[in-house]
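One letter stands for each residue in the lines below.
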Amino acid sequence: MQYTMIFPGQHQLPPLPYAYNALEPVISARTLRIHHDKHHKSYVDGLNKAELSLVDARRRNDFQYIKYWEKELAFNGSGHILHSIFWTVMAPSGTGGQPGPHTTAQINNYFGSFDAFKEQFKNATEKVEASGWGILTWQPSWRRMEILQAEKHQNLTQWSGIPILVCDVWEHAYYLDYQNERRKFIDAWWNIINWYEVERRLVLGMNGQVHLV
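Predicted model, so just to flag it, every value in this text is computed and none were measured.

1. Notes on unusual backbone geometry
Thinking step 1. The amide bond that connects glutamate 24 to the next residue, proline 25, takes the cis arrangement and shows omega of 5°.
Thinking step 2. Examined against the element boundaries, proline 25 turns out to sit in the segment before helix 1 (29-60).
Thinking step 3. We note that alanine 130 has phi near 60°; this positive angle belongs to a residue other than glycine.
Thinking step 4. Assignment of secondary structure puts alanine 130 in the loop between helix 4 (114-126) and strand 1 (132-139).
Thinking step 5. The phi torsion at arginine 143 lies on the positive side, around 55°, for a residue other than glycine.
Thinking step 6. For arginine 143, the location among the structural elements is in the loop between strand 1 and strand 2 (144-151).

Right, dumping it as structure tokens:
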């Protein structure tokens with residue numbers, strides 16, 4: 001599978017695959033609009049700025065601000081990638097199907113049962129310290145799944161892990177609808193998972209076809 005190279009500073013905000021009100025009542029149209037149009041857009045803009053600043057640094061051979069721009073690159077790049085996945089692994093309630101055969105098999109093989117996986121994922125996501133994500137990854141190095149927490153965007157991750165299912169628990173993802181009740185949001189969010197997309201992403205990862213966004 002071939003992908004088109006994205007040149008420095010050319011990242012774009014991906015459109016939502018559904019209407020702003022499509023995820024109601026789990027996620028309100030107001031929350032989704034602000035989350036996608038404002039917050040995700042800021043990560044795209046930050047990523048483009050960091051990349052272009054590093055292009056300029058290389059051109060001038062001036063790396064005095066390298067630490068700052070590398071942090072910006074990691075933070076905004078991770079935010080852009082995870083948000084781009086987040087929109088696709090959700091679907092209007094009742095349309096996301098059930099876990100596919102590969103997803104079910106891999107979950108049962110490693111976590112023992114779907115219920116055990118579900119409880120670990122929910123609890124890991126709920127207990128992310130401050131802002132971050134709950135992430136189900138496919139780990140090519142070990143040929144199995146793993147559940148991780150990601151603080152902010154880029155911390156506590158594992159190299160080579162491919163995100164399969166991600167849940168955003170930054171406050172901007174749920175506070176307008178659920179205030180400080182993060183677990184209530186996670187329980188409701190579970191009902192809008194797009195398991196067809198989770199299965200597709202898992203199969204791509206298992207076949208070595210890494211396409212994060």
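Picking up where we left off.
2. Description of helix 1
Thinking step 1. Here helix 1 spans 45 Å end to end across 32 residues, near enough to the 46 Å set by a 1.5 Å rise per residue.
Thinking step 2. Largest kink in helix 1: about 30°, centred on histidine 35.
Thinking step 3. Two residues or fewer past helix 1, asparagine 61 is found with a positive phi of approximately 55°.

3. Some thoughts on the nonpolar core
In globular proteins that are soluble, nonpolar side chains generally tend to be buried together.
Thinking step 1. If you look at the biggest cluster of nonpolar residues, it comprises 48 residues, and the most contacted ones within it are Met90, Phe117, Phe121, Leu136, Leu165, Phe185 and Trp189.
Thinking step 2. Residues contacting leucine 136, with those up to four places away along its chain left out, are Phe111, Phe117, Phe121, Met145, Glu146, Ile147, Ile162, Pro163, Ile164 and Leu165.

4. Regarding the sheet that holds strand 2
Thinking step 1. Taken together, three strands build an open sheet; the order of strands is 2-1-3 and the sheet is antiparallel. This sheet does not close on itself; its edge strands, each paired only once, are strand 2 and strand 3 (162-168). On average, each strand axis in the sheet is inclined to that of its neighbour by 20°, with strand direction left out of account.
Thinking step 2. Here eight bridges tie strand 1 to strand 2, and the two strands are oriented antiparallel to one another. Bridging from a neighbouring strand, leucine 136 pairs with isoleucine 147 of strand 2.
Thinking step 3. Helix 7 (residues 195-206) rests against strand 1, strand 2 and strand 3 of the sheet, and its axis sits at about 150° to strand 3.

5. Brief notes about the pairing of strand 3
Thinking step 1. Across the seven residues that make up strand 3, a large majority, seven, are buried.
Thinking step 2. Sheet analysis places strand 1 next to strand 3, joined by six bridges and oriented antiparallel. For isoleucine 135, the partnering residue across the bridge sits in strand 3 and is valine 166.

6. Some words on the pattern of salt bridges
Thinking step 1. This model, assessed by the stated rule, comprises eleven salt bridges.
Thinking step 2. As a salt-bridge pair, arginine 60 and aspartate 56 come within 2.7 Å of each other at their nearest N and O atoms. Separated by four residues within a single helix, arginine 60 and aspartate 56 lie in helix 1, roughly one turn from each other.
Thinking step 3. With a relative accessible area of 26%, aspartate 56 lands in the partly exposed category.
Thinking step 4. For aspartate 62, the salt bridge goes to arginine 60, with nearest N and O atoms at 2.9 Å.
Thinking step 5. Under the relative-accessibility criterion, aspartate 62 is labelled partly exposed at 23%.
Thinking step 6. Salt bridges here are not isolated pairs; linked through shared partners, they connect Glu119, Lys122, Glu126, Lys127, Arg183 and Asp187.

What counts, and at which threshold
- Residues numbered from 1 in each chain as written.
- Predicted model: local features only at pLDDT ≥ 70, side-chain atom pairs only at ≥ 80, totals over all residues.
- Heavy atoms only, no water.
- Helix = DSSP H or I, 4+ residues; strand = E, 2+ residues; numbered from the N terminus.
- Expected span 1.5 Å × (residues − 1).
- Bend = angle between axes of the 7 residues up to and from the residue.
- Core = buried A, V, L, I, M, F, W, Y, C linked by side-chain atoms within 4.5 Å.
- Buried < 20%, exposed > 50% of the residue type's maximum accessible area, 1.4 Å probe, protein only.
- Contact = heavy atoms within 4.5 Å.
- Pairing = 2+ DSSP bridges.
- Axes fitted to C-alpha atoms, helices over the stretch in contact; angles between N-to-C directions.
- Salt bridge = Lys/Arg side-chain N within 4 Å of Asp/Glu carboxyl O.

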